[in-house]
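# Coordinate inspection notes
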Amino acid sequence: MGTEPTSSVKENGKDTEDYLRIVDVRKEFDGFVAVEDTNLGIRKGEIFALLGGSGCGKSTLLRCLGGFEKPTSGKIYLDGQLMNDLPPYERPINMMFQSYALFPHMTVAQNIAFGPKQDGMPKQQIEARVTEMLKLVQMEKYAQRKPHQLSGGQQQRVALARSLAKGPKLLLLDEPMGALDKKLRSQMQLELVSIIEKSGVTCVMVTHDQEEAMTMATRIALMDTGRIRQVATPDEIYESPTSRFAAEFIGSVNMIEGRIDEDMKDYVTIRAPQLPDVIYVGHGISGYEGQDVAFAVRPEKVQISKEEPAQPHNKARGRIEDIAYFGSHSVFHVRLPTGFKMMANFANQERWASEGMTWGDEVWVCWGENEGVVLTS
């Protein structure tokens, strides 16, 4: 069996080895490139999300990890062991599918015992393992029920327990919340994270839901057209996107196209046709004067008021065109004289607080000199 030493990265000054290594993996279907020369390192005990829209290659990459698809080229290592030529049933990997795929004629306990029984585990060990898994997912009271007698969330916990029963080195989750309604999905996201962390298993999940990835994952790989565009922690990928695609895919953003006007060591100005004045950025960047760039600023970083802000830069006057009420906050869409529409969040800290501004009102929007990100790609 082929082995290769794991690589390591620096985290908080310490070396952290990559438990799962994806090296130059490429997958083609009849000339169509689904996954393009991908390299990834995932650490032991990490919950790692492959995030992207339909057709971006995330599910194909997950199936390559599970052995359901064979890479056209490249190598996959788990705990130093080469996985490429191992069939799914010989890999120390389990996948939990979106449909859960529970056996309808078996009880909860029998479903969980299925994997260990197939592996020839002794009866007493199987019973102990089932008891352990039932306790882990808090389903002890439902051991003798059939899947159709369970709620969606309960079925999901049983499917997870069955996936963990064999003690896999790697757990794969394919759109784990896809079959649940929104309220239950939010609740189960935190429950699943707690169960996975208690089990100690390394996990790779595929999702198209950015909220799900941000809530559950330790780190996220953002995918687009078969390529990984950015790998970062949820807060890093939200606050410091490295491309227009990343900024627009995660959350809401005001994307302003322009050119660098001044490129100084401690500040940069950007001239954009959408705004009446230059954008002032309070730090230097690796750019040059005249360079085409985009300036991305999140709506919650944009302030809105009826009075003109005292600051000299990063402000514009406009008219409220739309208001979206979300309970905890409202999003104001302000049309500037240039025609550009800017979003600004308003926190509803007091009941009816936002009623001081309404449709058609003239208002000011502004943001701080370090509240946005300059993007060159």
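So, here's what we can say about the structure. (Residues numbered from 1 in each chain as written. Predicted model: local features only at pLDDT ≥ 70, side-chain atom pairs only at ≥ 80, totals over all residues. Heavy atoms only, no water.)

Turning our attention to the layout of surface pockets. In this model, the largest pocket occupies a volume close to 560 Å³. Lining the largest pocket are 24 residues, and of these Ile93, Asn94, Met95, Ser163 and Lys166 sit closest to its centre. Broken down by secondary-structure element, the contributors of at least two residues to the lining of the largest pocket are strand 7 (93–96), helix 2 (108–118) and helix 4 (152–164). Per-element accounting of the lining of the largest pocket gives the leading share, four residues, to strand 7. When its residues are assigned to classes, the lining of the largest pocket shows 14 nonpolar, six polar and four charged. (1 Å grid on protein atoms, 1.4 Å probe; cavity = no way out; pocket = protein on both sides within 12 Å on 5 of 7 lines; lining within 4 Å. Points joined across faces, edges and corners; volume = space filled by probe spheres on them. Helix = DSSP H or I, 4+ residues; strand = E, 2+ residues; numbered from the N terminus. Nonpolar A, V, L, I, M, F, W, Y, C, P; charged D, E, K, R; others polar.)

A word on the sheet that holds strand 21 (residues 373–375). A sheet is described by the order of its strands in space; here five strands give the open sequence 14-13-12-15-21, paired in antiparallel fashion. Single-partner strands in this sheet number two, and they are strand 14 (279–281) and strand 21. Along the sheet, successive strands turn relative to each other by an average axial angle of 40°, direction set aside. With four bridges joining them, strand 12 (residues 254–263) and strand 13 (residues 268–271) adopt antiparallel strand pairing. Paired with Asp263 across the bridge in strand 13 is Val268. (Pairing = 2+ DSSP bridges. Axes fitted to C-alpha atoms, helices over the stretch in contact; angles between N-to-C directions.)

Topologically, Thr269 is positioned in strand 13. Of the polar contacts made by the side chain of Thr269, one reaches the backbone nitrogen of Glu262; its length is 3.0 Å. Not counting residues within four places of it along the chain, the set of residues in contact with Thr269 comprises Arg259, Ile260, Asp261, Glu262, Val278, Ile279 and Tyr280. (Polar contact = N/O pair within 3.5 Å; in protein donor to acceptor, adjacent residues only side chain to side chain. Contact = heavy atoms within 4.5 Å.)

A few words on helix 1 (residues 58–66). For an α-helix, the turn length of 3.6 residues means that residues three or four places apart are oriented alike. Among the nine residues of helix 1, seven are classified as buried, and the element is accordingly described as predominantly covered. Just downstream of helix 1, Gly67 is the residue with a positive phi angle, here 90°. (Buried < 20%, exposed > 50% of the residue type's maximum accessible area, 1.4 Å probe, protein only.)

With that out of the way, let us pick up empty space enclosed by the protein. If you walk through the whole model with that rule in mind, you get one cavity of 30 Å³ or more. Volume-wise, the largest cavity comes out at about 40 Å³. If you go around the largest cavity, the residues you meet are Leu275, Pro276, Asp277, Val278, Ile279, Asn314, Lys315, Ala316 and Trp367. Its residues placed into classes, the lining of the largest cavity shows six nonpolar, one polar and two charged.

Taken as a whole and assessed by the stated rule, the structure comprises six aromatic pairs. Relative to Phe114, the ring of Phe103 lies with its centre 4.7 Å away and its plane at 55°, an arrangement referred to as tilted. One end of the pair, Phe103, is in the loop between strand 7 and helix 2; the other, Phe114, is in helix 2, and 11 residues separate them in sequence. Here the aromatic rings of Phe332 and Phe346 are separated by 6.2 Å at their centres, their planes lie at 80°, and the arrangement is edge-to-face. Taken together, the residues span a long stretch of sequence, with Phe332 in strand 18 (residues 329–335) and Phe346 in strand 19 (residues 341–347) at a distance of 14 residues. The partly exposed category is assigned to Phe346, whose relative accessible area is 21%. Positioned above the aromatic ring of Tyr238, the side-chain terminus of Arg298 is 4.1 Å from the ring centre. When the ring centre of Trp364 is taken as origin, the NZ or CZ atom of Lys315, which lies over that ring, is 5.9 Å away. (Phe/Tyr/Trp six-rings, centres within 6.5 Å; stacked < 30°, edge-to-face > 60°. Lys NZ or Arg CZ within 6 Å of the ring centre and 35° of its normal.)

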